[in-house]
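# Observations on the three-dimensional arrangement
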Amino acid sequence: MLYGLGGFNGAGIYAGGLVTLAMFGPAIGALVCAYLYDRGHRARTLGLRVESWKRFFLWLPYAWMMPCILAALSVVLCLLVMGAAPADPAQKLADAVEATGTPLPMPADMLFWIQIGVGVPIGILINTLALTFSEELGWRGWLQPRLAHLGFWKMSALIGLIWGLWHAPIILMGFNYPGLGWGGVLAMCVFCMLITPYLSLLRERGAGAWGAGAFHGSINAVAGASLLWMPSVEWPHMGLLGLEGFALVLAGWAGIWFYRRARPVSGMADQGCRR
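Scanning the chain from N- to C-terminus turns up 13 helices and zero strands. What you see in the chain, going N to C, is helices and strands ordered as α-α-α-α-α-α-α-α-α-α-α-α-α. Its C-alpha atoms give the chain a radius of gyration of 19 Å, near enough to 19 Å, the size a compact globule of 275 residues would have. Based on the C-alpha atoms only, the size of the chain along its principal axes is roughly 55 × 45 × 35 Å.

As structure tokens, then:
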């Protein structure tokens, strides 16, 4: 539908709504499959049943804060590689607002701090709920347990690839990687495959689709906001979605590997993974 309206530019104010609507595709597929094949234990199958609230709340800070850390460090790494000084984030935000034809409602510095101190946390909370009941209900909720027999890393790679390819239509219309075409699709697939083990870990350790939704929601809220410190955003220097971000996320795999080795899972097949 979005393509038929002429992409993001042609759809205008309806573009965001159509993208949001598309997010529920994986959830619809998961609900249909759970209804047909998982009678009697659908909530657990979809990752909506929390087996241990203590375990869930122990993992929630990781789900919300790890994307913030990765986004911040990826921008620092980009600036080091580019040999550039950070941009004035308040001015960049003001320029973005004015580019829409909307006058600034307040001084740029005040607008920036409200955006960072209020807008981003609220965005994380809203995204957590939205993505738990949309994309993550499909990817980490229903699909991950079905592929757990492959082992953690192969399962994560396959889910990441499917997740990345699922984004292809909007990537080809300029989302995330404008102007890169199929190269953007490839970049999105690489990013999804690299970040998926971080989300798989949450499902494996009992945080369910809720934990994955929190991580995914945090990424969506902070990845764009972190680019306010970038003097320019062009491939391959695109923060978390660029090559520096890819390298950083890949380096983080070592922590996941060591953690899983030190704390092997046992009796967690219904939570999503096995070694």
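What follows covers helix H7 (residues 108-132). Every α-helix winds through 3.6 residues per turn, so residues three or four apart in the chain are directed the same way. Given a rise of 1.5 Å per residue, 25 residues ought to cover 36 Å, and the 33 Å separating the end C-alpha atoms of H7 matches this to within 8%. Along its length, H7 reaches its greatest deviation from straightness, about 35°, at Gln-115. Among the residues making up H7, those that are buried are Ala-108, Leu-111, Phe-112, Val-120, Gly-123, Ile-124, Thr-128, Leu-131 and Thr-132. Its buried side turned inward, H7 meets helix H5 (53-82), helix H6 (89-99), helix H8 (135-147) and helix H12 (208-226).

The next point concerns the pattern of salt bridges. Within the structure shown, the criterion is met by six salt bridges. Arg-146 is paired through a salt bridge with Asp-38; the nearest N and O atoms lie 2.5 Å apart. Remark: Asp-38 occurs in the loop between helix H3 (25-37) and helix H4 (42-45) and Arg-146 occurs in helix H8; sequence separation between them is 108 residues. Overall, Arg-146 belongs to the partly exposed group, its relative accessible area being 29%. Of the residues examined, Asp-38 reaches a relative accessible area of 5% and is grouped as buried. Salt-bridge contacts for Arg-205 lead to Glu-204; the nearest nitrogen and oxygen are separated by 2.8 Å. A relative accessible area of 8% means that Arg-205 is categorised as buried. For Glu-204, a relative accessible area of 0% puts it in the buried group. Residues participating in the shared-partner salt-bridge network are Arg-44, Arg-49 and Glu-51.

With that settled, the discussion passes to unusual backbone geometry. Look at the link from Trp-235 to Pro-236: it is a cis peptide, with omega at 10°. Mapped onto the fold, Pro-236 is located in the loop between H12 and helix H13 (243-262).

Procedures and definitions
- Residues numbered from 1 in each chain as written.
- Predicted model: local features only at pLDDT ≥ 70, side-chain atom pairs only at ≥ 80, totals over all residues.
- Heavy atoms only, no water.
- Helix = DSSP H or I, 4+ residues; strand = E, 2+ residues; numbered from the N terminus.
- Rg over C-alpha atoms; globule rule 2.2 N^0.38 Å.
- Expected span 1.5 Å × (residues − 1).
- Bend = angle between axes of the 7 residues up to and from the residue.
- Buried < 20%, exposed > 50% of the residue type's maximum accessible area, 1.4 Å probe, protein only.
- Contact = heavy atoms within 4.5 Å.
- Salt bridge = Lys/Arg side-chain N within 4 Å of Asp/Glu carboxyl O.

By themselves, these observations are geometric and do not establish any function.
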